[in-house]
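# Survey of secondary and tertiary structure
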Amino acid sequence: MDRLASFGTDPFKPPCRGCSTYLVEPFIKCAECGPPSFYLCLQCFTRGFEYKKHQSDHKYEIMTSDFPVLEPGWTAQEEMALLEAVMDCGFGNWQDVAYQMRTKTKEECECHYMKHFINNPLFSSTLLSLRQMEDARTADSAIPFKPTDDPPRPTFDSVLSRDMAGYMPARADFMEEFDNYAEWDLKDIDFVDDDSDILHALKIAVVDIYHSRLKERQRRKKIIRDHGLINLRKFQTVLERRYPKEVQDLYEAMRRFARVVGPIEHDKFIESHALEFELRREIRRLQEYRQAGIRSFCSAKVYERVKRVREDERRKRTMLCDALQYIQDGRACRQWLHKQAAIDAGITPVVTTITTTGTGRRSAPPLNLTGLPGTEKLNEREKELCQVVRLVPGAYLEYKQALLNECRRQGGLRLAQARALIKIDVNKTRKIYDFLIKEGYINKA
């Protein structure tokens, strides 16, 4: 044995060259063969496995991570597990970090991480330079997201999550990555000495394809950060305050093209269209003044004031027409019109009573059937019945069919049977029953 080495520097664990099983620490690495490195599991090493140039008497290294690196009591394997847990669960979520590690408590994980990876002066200069590079890179972003701000945490399959394309700002990652199963093409690839040139080139091509997938993933994350879409609600609030509704609709339509240009160019594009919209609106306003014969801004102010009064009067008339078409009592309409005229003239209206029905209740206005489903299946008399009874056409057709079926089955139908069959107001049932008898659809029992 030459020396005891760590496997922490190798990014992937290759399979054993003897039995092709995945290696579990500790395992053996030949110190004389390679590149590529020649790895054996303990079982194949004890059997003296030999393959091509590799001999059983070669010098070897024991690959293991079971030794301290930064602090006694923390092995290299645990250090890597801590970093992976923080990357998976997020910084500060020490309860889940400890649960994923299994060997340390949340207090131990937090204390060790803060001591050796946050407050360690060895990394301070490196972190400062990286932070300065990141600040310089994001200096021209649309809405910079400050590290002190609490990032949004949209729930799964919510509207905000769909608007952000599944991006999770707290983890700086997508809920489902682009080509999420791209790693499956690499899990069984192993570069060996006896590979042919074509096979070797094919494996290299697969790795290049995987690298292109990684670049595409980073490009999509960069678009989210550069265009200020991390806090989408905040961005939409700013957009609503700065631009009118037409420009907001334009931005929503052009948002899909933001990936083509940078954030500054895209914002300039939206700003230019907003300016164009303002200019066109101002030109239309001036053209309206010219058509009305206005040649001074003082006259324009008077025109705008009179125009607003005219629009209010037109709106009141429209509302009055909509209300009167539902009122059947002519006397009540006249009383209401006299009252409104007195109010508009500044006179206190005389309180008058509106005639009601004999039951003491005001009759309800007829139902408007415009646009209701099933209206086209009714004749004029049935439409009049549905308006008076205030019954939607679909329900009327269903009740009519039920009464017809019961009448055919028994040879006739009584009012009590109709009321037992249709569970609605008894007065409505009587009107429907009388109408069907009068029209000849059913017969009395």
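What you see is a predicted model, and the numbers here were worked out from it, not measured in a lab.

Moving on: the overall build of the chain. For the chain, the helix and strand inventory stands at 16 helices and six strands. A burial count over the chain gives 28% of its 445 residues as buried. Restricting the contact set of the chain to residue pairs at least 6 apart, pairs at least 24 apart contribute 49%. In the structure as shown, the chain presents an accessible area of about 30900 Å², 55% of it carried by carbon and sulfur atoms.

What describes a pair of aromatic rings is the distance from one ring centre to the other and the angle between the planes of the rings. Overall, the coordinates contain eight aromatic pairs when judged by the stated rule. Ring centres of Trp94 and Tyr113 lie 5.7 Å apart, and the angle between their planes is 55°; this geometry places the pair in the tilted category. Here Trp94, found in helix α3 (residues 94-101), pairs with Tyr113, found in helix α4 (residues 106-118); they are 19 residues apart in sequence, far enough to count as distant. Residue class for Trp94 comes out buried when judged on its relative accessible area of 8%. Judged by its relative accessible area of 12%, Tyr113 is buried.

Okay, the environment of Phe27 next. Summarising the element assignment, Phe27 is placed in strand β2 (residues 27-30). When the C-alpha positions of Phe27 and Tyr39 are compared, they lie 7.4 Å apart, and in sequence the two are 12 residues distant.

Let's shift gears to helix α14 (residues 393-410). An α-helical turn contains 3.6 residues, so a residue and the one three or four places further along point in the same direction. Taking 1.5 Å of rise per residue, 18 residues should cover 26 Å, and α14 covers 26 Å from first to last C-alpha, within 8% of that figure. Taken residue by residue, α14 has Pro393, Ala395, Tyr396, Tyr399, Lys400, Leu403, Leu404, Glu406 and Cys407 as its buried positions. Projection of α14 onto a plane perpendicular to its axis shows the buried side chains occupying an angular sector of 165°, all on one side. What points out from α14, more than 90 degrees from its buried face, is the exposed set Glu398, Arg408 and Arg409. On its buried side, α14 packs onto α13 (380-389), α15 (415-421) and α16 (426-439). Positive backbone phi, at 80°, marks Gly411, one or two positions downstream of α14.

Here we come to the packing of helix α9 (residues 245-254) against helix α10 (residues 263-291). With their axes 10 Å apart at the nearest point, α9 and α10 run at an angle of 150° to one another. Of the two elements, α9 crosses α10, and the hand of that crossing is right-handed. Mapping the contact onto sequence places Glu246, Val247, Leu250, Tyr251 and Met254 in α9 and His266, Phe269, Ile270, His273, Ala274 and Phe277 in α10.

With that settled, consider α13. Where α13 is concerned, the buried positions are Glu382, Leu385, Cys386 and Val389. The buried residues of α13 occupy an angular sector of 95° when the element is viewed end-on, so they sit on one face. Seen from the buried face of α13, the exposed residues on the opposite side, beyond 90 degrees, are Glu380, Glu384 and Val388. Against the buried residues of α13 lie α14 and α16. Its side-chain oxygen placed 3.3 Å from the backbone nitrogen of Arg381, Asn379 serves as the N-cap of α13. Looking at the residues trailing α13, positive phi occurs at Arg390, about 60°.

Here we come to the packing of helix α2 (residues 76-89) against α3. With their axes 9 Å apart at the nearest point, α2 and α3 run at an angle of 135° to one another. For the element pair α2 / α3, the angle class is oblique. For the element pair α2 and α3, the recorded crossing hand is right-handed. Within the contact between the two elements, α2 uses Glu78, Ala81, Leu82, Glu84, Ala85, Val86, Asp88 and Cys89 and α3 uses Trp94, Asp96, Val97, Gln100 and Met101.

Let us now look at the confidence of the model for the chain. Averaged over all residues, the pLDDT of the chain equals 76, while 74% of them reach at least 70. Mean pLDDT in the chain bottoms out at strand β1 (residues 3-5), which sits at 41, and peaks at α3, which reaches 88. In this model, residues 1-11 is a region of pLDDT below 50 whose contacts with residues beyond four sequence positions or in other chains number 29 contacts. When the criterion is pLDDT under 50, residues 139-145 qualifies, and its contacts beyond four places in sequence or with other chains add up to 15 contacts.

Membership of the largest hydrophobic core comes to 22 residues, with the highest contact counts inside it found for Leu391, Tyr396, Leu403, Leu413, Ile432, Leu436 and Ile442. If you list the elements that add at least two residues to this core, you get α13, α14, α15 and α16. It is α14 that provides the largest number of residues to this core, a total of six residues. Ranked by size, the runner-up nonpolar core spans 12 residues in total, among them Cys16, Cys30, Phe38 and Cys44.

Turning our attention to the pattern of salt bridges. A side chain of one charge can pair with a side chain of the opposite charge when the charged atoms of the two come close. Across all of its chains, the model carries 11 salt bridges by this definition. Taking the shortest distance from any N to any O, the salt bridge between Glu78 and Lys104 comes out at 4.0 Å. Within this pair, whereas Glu78 is found in helix α2, its partner Lys104 is found in the loop between α3 and α4, the two being separated by 26 residues in sequence. A residue is classified by how much of its surface remains accessible, and Glu78, at 16% relative accessible area, is buried. Assessed through its relative accessible area of 16%, Lys104 is described here as buried. Lys307 serves as the salt-bridge partner of Glu288, at 3.0 Å between the closest nitrogen and oxygen. Placement of Glu288 in helix α10 and of Lys307 in helix α11 (residues 297-324) is noted, with a sequence separation of 19 residues between them. Judged by relative accessible area, which is 23%, Lys307 ranks as partly exposed.

Cut-off values and rules
Residues numbered from 1 in each chain as written. Predicted model: local features only at pLDDT ≥ 70, side-chain atom pairs only at ≥ 80, totals over all residues. Heavy atoms only, no water. Helix = DSSP H or I, 4+ residues; strand = E, 2+ residues; numbered from the N terminus. Buried < 20%, exposed > 50% of the residue type's maximum accessible area, 1.4 Å probe, protein only. Contact = heavy atoms within 4.5 Å. Areas by Shrake-Rupley, 256 points an atom, 1.4 Å probe, with all protein chains shown as cover. Phe/Tyr/Trp six-rings, centres within 6.5 Å; stacked < 30°, edge-to-face > 60°. Expected span 1.5 Å × (residues − 1). Arc of directions from axis to C-beta. Axes fitted to C-alpha atoms, helices over the stretch in contact; angles between N-to-C directions. Left-handed = near helix turned anticlockwise from the far one by under 90°. Polar contact = N/O pair within 3.5 Å; in protein donor to acceptor, adjacent residues only side chain to side chain. Parallel < 35°, antiparallel > 145°, perpendicular 65-115°, else oblique. pLDDT = per-residue confidence, 0-100. Core = buried A, V, L, I, M, F, W, Y, C linked by side-chain atoms within 4.5 Å. Salt bridge = Lys/Arg side-chain N within 4 Å of Asp/Glu carboxyl O.

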